[in-house]
Amino acid sequence: MPENPAPAGTAQIEFRDVVKKFGDNTVLNDLNFQVAPGERVTLIGPSGSGKTTILRLVMTLEELTGGYIDISGQPLQYEEKAGRRVRVPDKQRRRTTTRIGMVFQHFNLFPNMTVLENIIEAPIHVMGLERREAVEKAESLLDKVGMAAKRDAKPAMLSGGQQQRVAIARALAMDPEILLLDEVTSALDPELVGEVLGVLKDIAAETDISMLIVTHEMQFAKEVSDRVMMFDKGSIVEEGPPEKFFSDPEHQRTRDFLRAVL
């Protein structure tokens, strides 16, 4: 945690003039936006529009090409010092990312560990929790996501929907202030999608975790978001509250996209 708590009114996540390039390909160009504490923001748009790259930058799985990302007022990858853009020390970067949980498209559970072991691994080794406390917390979270009966199972014995619910419990075990959700249902059979989205709706209703969500599930975006942002070619085309965004979008590009996916 930072030595000094963020002042009131500080954004939970702030992108300032963010640029991300892969070789000659510019994926994000001069991106500026904020996520307020407790806000749920959903990013939609065609494949390749930069949505997942945004999540990977916040998780520090990708390096910024230009610009800055702040988490609760703390610089994440780079900061400005004496007019120069300098890299944040790795220790500080790691400390900031402990506030952030991410649930991936493909679960990423450790196959050699049981469900319970998957969930207690990081709280014990990263947060320094006692094993007994970590197990207690894991059991409570497994109960919350409807997976208590599978605590001793290996991931290979679970359906995709069950694995994704375990992955959500694992992310929550770190008490994140921010939860990043990257197409968490796109690898699932259609009949399993509802069970995972149901768990996430409950989390949104019961916690004040800020969420940055990438999804093709428009109904989920409508129900869980405070704000929806349409991306195309690495830029924000349009944003607004879901009731306005889905019923009366302003931009033709947004209208065309929604017509294709709804």
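Counting restarts for each chain: residues are numbered from 1 in the order of the written sequence. For this predicted model, a pLDDT threshold of at least 70 governs which residues receive local features, and a threshold of 80 or more governs which side-chain atom pairs are given and counted, while totals over whole chains, interfaces and linings are taken from all residues. As a convention, hydrogens and water are excluded, and side-chain values are obtained from all of the structure's heavy atoms.

Okay, the confidence of the model for the protein chain next. Values of pLDDT, ranging from 0 to 100, describe the predictor's confidence in every residue of the model. Of the residues in the protein chain, 97% reach a pLDDT of 70 or more, and the chain-wide mean stands at 92. Going along the chain from the N terminus, every DSSP run of H or I of four or more residues is numbered as a helix, and every run of E of two or more is numbered as a strand. When mean pLDDT is compared element by element in the protein chain, strand β4 (residues 66–71) scores highest at 97, while helix α6 (residues 190–206) scores lowest at 88.

Another aspect to go through is the nonpolar core. Residue types Ala, Val, Leu, Ile, Met, Phe, Trp, Tyr and Cys, when buried and joined through side-chain atoms within 4.5 Å, form a set referred to as a nonpolar core. In this scheme, a residue with accessible area under 20% of its type's maximum is buried, one over 50% is exposed, and one in between is partly exposed, where area comes from a 1.4 Å probe on protein chains only. V103, I119, I168, L179, L181, L200 and I203 are the most contacted members of the largest nonpolar core, which has 41 residues in total. For this core, the secondary structure elements donating two or more residues are α3 (115–125), α4 (131–144), α5 (160–172), β9 (178–182), α6, β10 (210–214) and α7 (218–224). When residues in this core are grouped by element, the largest group, 8 residues, is from α6. In what follows, a contact means two residues having at least one pair of non-hydrogen atoms within 4.5 Å. Ignoring any residue separated from it by four or fewer positions in sequence, one finds L179 in contact with G101, M102, V103, A171, L172, I209, S210, M211 and L212. Of all hydrophobic cores here, the second largest spans 29 residues; its members include L31, V58, L212 and M229.

Quick look at the packing of α5 against α6 now. Here α5 crosses α6 at 20 degrees, and the two axes come no closer than 8 Å. In terms of orientation, α5 lies roughly parallel with respect to α6. Where α5 crosses over α6, the handedness of that crossing is right-handed. Taken together, the residues of α6 that come into contact with α5 (itself represented by G160, G161, Q162, Q164, R165, I168 and L172) are L192, E195, V196, V199, L200 and I203. Residues belonging to the contact of α5 with α6 are distributed by class as follows: 7 nonpolar, 4 polar and 2 charged. Axes here refer to lines fitted to C-alpha atoms; in helices the fit is confined to the stretch in contact. Angles between the N-to-C directions go from 0 to 180 degrees. Every angle not falling under 35 degrees, over 145, or within 65 to 115 is termed oblique; those three ranges are roughly parallel, roughly antiparallel and roughly perpendicular. Each crossing is labelled by how the near helix is turned from the far one, with a counterclockwise turn of less than a right angle marking it left-handed and a clockwise turn marking it right-handed. Residue polarity is assigned by list, with Asp, Glu, Lys and Arg as charged and Ala, Val, Leu, Ile, Met, Phe, Trp, Tyr, Cys and Pro as nonpolar; anything else, Gly included, falls into the polar class.

Whether parallel or antiparallel, the strands of a sheet pair through hydrogen bonds between backbone atoms. Judged by pairing direction, the sheet is mixed, and its 6 strands sit side by side in the order β8-β9-β10-β3-β11-β12 without closing on themselves. Both outer strands of the open sheet, β8 (100–103) and β12 (235–240), are each paired with one neighbouring strand and no more. Neighbouring strand axes in the sheet, compared pairwise and without regard to direction, differ in orientation by 20 degrees on average. Strands qualify as paired when DSSP identifies two bridges or more between them. Pairing analysis gives 4 bridges linking strand β3 (residues 40–44) to strand β11 (residues 227–232), with the strands arranged parallel. The residue of β11 that forms the bridge with T42 is V228. Packed onto the sheet, α5 meets β8 and β9 and runs at close to 175 degrees relative to β8.

Quick look at the sheet that holds strand β1 (residues 13–22) now. The strand order across the open sheet formed by 4 strands is β2-β1-β4-β5, and the pairing between neighbours is antiparallel. Each of the sheet's edge strands pairs with one partner strand only, and the pair in question is β2 (25–35) and β5 (74–75). Strand direction decides the pairing type here: β1 and β4, joined by 5 bridges, are antiparallel. Note that in β4 the partner of I13 across the bridge is I71. Strands β1, β2 and β4 of the sheet are contacted by helix α1 (residues 51–58), whose axis makes an angle of about 115 degrees with β1.

Only Phe, Tyr and Trp rings take part, Trp by its six-membered ring, and two of them pair if their centres are within 6.5 Å. Stacked means planes under 30 degrees apart, edge-to-face means over 60, and tilted covers everything else. What the rule picks out here adds up to 2 aromatic pairs. Between F15 and F33, the ring centres sit 4.6 Å apart and the planes meet at 10 degrees, which makes this aromatic pair stacked. Pair noted here: F15 is in strand β1 and F33 is in strand β2, with a separation of 18 residues, a long-range link. Taken as a pair, F15 and F33 share a single burial class, namely buried. Each ring is checked for a lysine NZ or an arginine CZ that lies within 6 Å of its centre and within 35 degrees of its normal; such an atom marks a charge sitting over the ring. When the ring centre of F22 is taken as origin, the NZ or CZ atom of K20, which lies over that ring, is 4.7 Å away.

The subject of this paragraph is the pairing of β9. Across the 5 residues of β9, 5 count as buried, placing the element largely inside the fold. Burial along β9 is two-sided: I178, L180 and D182 facing one way and L179 and L181 facing the other are all buried. Taken together, the 5 bridges between β9 and β10 define a ladder with parallel strand orientation. When the bridges of β10 are listed, L180 appears paired with L212.

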